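# Commentary on secondary and tertiary structure
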Amino acid sequence: MPHDHHDHDHHDRRHGAIEGRHSHRYNRIARLLGPLQYRRIAADIAAAAPESAAVLDVGTGPGILLRILAKRRPDLRLAGVDLARDMIDHAARNLAHLDPAPDLRTADVAALPFDDAAFDLVVTTYSSHHWSDPETGGAEIARVLKDGGRLLDYDFPRGPFDAFDDLAETARTPFRSPWMPFMRTVRFEAAKR
Ligand SMILES: C[S@@+](CC[C@H](N)C(=O)[O-])C[C@H]1O[C@@H](n2cnc3c(N)ncnc32)[C@H](O)[C@@H]1O
């Protein structure tokens, strides 16, 4: 159950987690702007995902990308993790209408609560620059990907793209949304080695 956020308005001490009133503000902005910003990213992911693919969104925040993806590709099996429990609470509310419900969990990318080879595709948007240990995160993403599986990371140019040693980089290109041209974004693509 969602809990009372007013009792603990703070940035969580765990590096990078967006909790409390910060998660509330993020949820409001993401619900407002998300459909514009994520339209192109969702289209890109929808084009990359095989039929009935299992897709994991790391650092899903309030789950707006998953909401748009579910609408475009109802065949996908969707999962999302976030380090911040408050964000997962927002995501659960924003995705409550979906059937089947996405598998949402509070977890660190550096310790993903999934079996080996559970996913065809791992995606992540504007989250990887927050990760405190991107090397371990990259190793975990490689572990949960099936053979031939792929990572798509959309992040600011300062994202830790060079830290994903356990994956083989296949592309790194600028990715600009016509809706949000001021958000300089890199589309980083890698495959399981
Ligand atoms: C800027 S938000 C992006 C949220 C969402 N992907 C979006 O595009 O709206 C970054 C998210 O990454 C999460 N995060 C930070 N460090 C993380 C980690 N080590 N593992 C998983 N999630 C993390 C934060 O809690 C936050 O929700």
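Per an unreviewed UniProt entry, the protein goes by Methyltransferase type 11 domain-containing protein and derives from Glycomyces endophyticus.

## Quick look at the site of the ligand
In the neighbourhood of the ligand, 23 residues make up the surrounding shell, with G16, G59, G61, S127 and H130 lying closest. Mapped onto the shell around the ligand, the elements with two or more residues apiece are α2 (64-72) and β2 (77-82). Across the shell around the ligand, the residue classes tally to 13 nonpolar, 8 polar and 2 charged.

## What to know about the sheet that holds strand β5 (residues 145-155)
As summarised here, the arrangement of the 7 strands in space is β3-β2-β1-β4-β5-β7-β6, forming an open sheet in which the pairing is mixed. The open sheet terminates on both sides in strands that have one partner only, identified here as β3 (103-106) and β6 (167-174). In this sheet, adjacent strand axes meet at a mean angle of 15 degrees when their direction is disregarded. Two strands pair when backbone bridges link them, and strand β1 (residues 54-58) and strand β4 (residues 119-125) are joined in this way by 3 bridges, in the parallel orientation. Bridging across to β4, V55 finds its partner in L121. Relative to β3, helix α3 (residues 85-94) is tilted by about 160 degrees, and along the sheet it contacts β2 and β3. Across the sheet, helix α4 (residues 134-144) touches β1, β4, β5, β6 and β7 (186-192), and the angle it forms with β5 is around 140 degrees.

## Quick notes on the confidence of the model for the protein
Chain-level statistics for the protein give a pLDDT mean of 90 and a share of 92% at 70 or above. This stretch, residues 1-13, has a pLDDT under 50; its non-local contacts, to residues over four places away or in other chains, come to 15 contacts.

## Side note on α3
The α-helix winds at 3.6 residues per turn, so residues separated by three or four positions along the chain end up facing the same way. A large share of α3 lies buried, amounting to 7 of its 10 residues. Taken residue by residue, α3 has D86, M87, I88, D89, H90, A91 and N94 as its buried positions. On the buried face of α3, the contacting elements are α1 (20-48), α2, β2 and β3.

## Comments concerning unusual backbone geometry
Backbone geometry follows two general trends: most residues other than glycine have a negative phi, and most peptide bonds adopt the trans configuration. Each neighbour pair has its own omega, and for D99 with P100 the value is 5 degrees, a cis peptide bond. On the secondary structure map, P100 appears in the loop between α3 and β3. Unlike most non-glycine residues, S52 shows phi in positive territory, near 60 degrees. Position of S52 relative to the elements: it lies in the loop between α1 and β1.

## A few points about the packing of α1 against α2
Interaxial distance between α1 and α2 falls to 8 Å at its minimum, and their mutual angle equals 50 degrees. Classified by the angle their axes make, α1 and α2 are oblique. Crossing angle aside, the handedness with which α1 passes α2 is right-handed. Contact residues: α1 offers A30, R31, G34, P35, Y38, R39, I41, A42, I45 and A46, while α2 offers I64, L65, I68, L69 and R72.

## Looking at α4
Inspection of α4 places P134, G137, G138, E140, I141, A142 and V144 among the buried residues, and these make up the whole buried set. Buried-residue contacts for α4 involve β1, β4, β5, β6 and β7.

## Some details on the nonpolar core
In this structure, V55, L65, L69, F119 and V122 are the most contacted members of the largest nonpolar core, which totals 47 residues. Ranked by residue count, the leading element in this core is α2, at 6 residues. Setting aside residues no more than four positions away along its own chain, L65 makes contact with Y38, I41, A42, D57, T60 and T125.

Definitions and cut-offs
- Residues numbered from 1 in each chain as written.
- Predicted model: local features only at pLDDT ≥ 70, side-chain atom pairs only at ≥ 80, totals over all residues.
- Near = placed C-beta within 6 Å.
- Helix = DSSP H or I, 4+ residues; strand = E, 2+ residues; numbered from the N terminus.
- Nonpolar A, V, L, I, M, F, W, Y, C, P; charged D, E, K, R; others polar.
- Pairing = 2+ DSSP bridges.
- Axes fitted to C-alpha atoms, helices over the stretch in contact; angles between N-to-C directions.
- Contact = placed C-beta atoms within 7 Å.
- pLDDT = per-residue confidence, 0-100.
- Buried ≥ 20, exposed ≤ 12 C-beta atoms within 10 Å, placed from the backbone.
- Parallel < 35°, antiparallel > 145°, perpendicular 65-115°, else oblique.
- Left-handed = near helix turned anticlockwise from the far one by under 90°.
- Core = buried A, V, L, I, M, F, W, Y, C linked by C-beta atoms within 7 Å.

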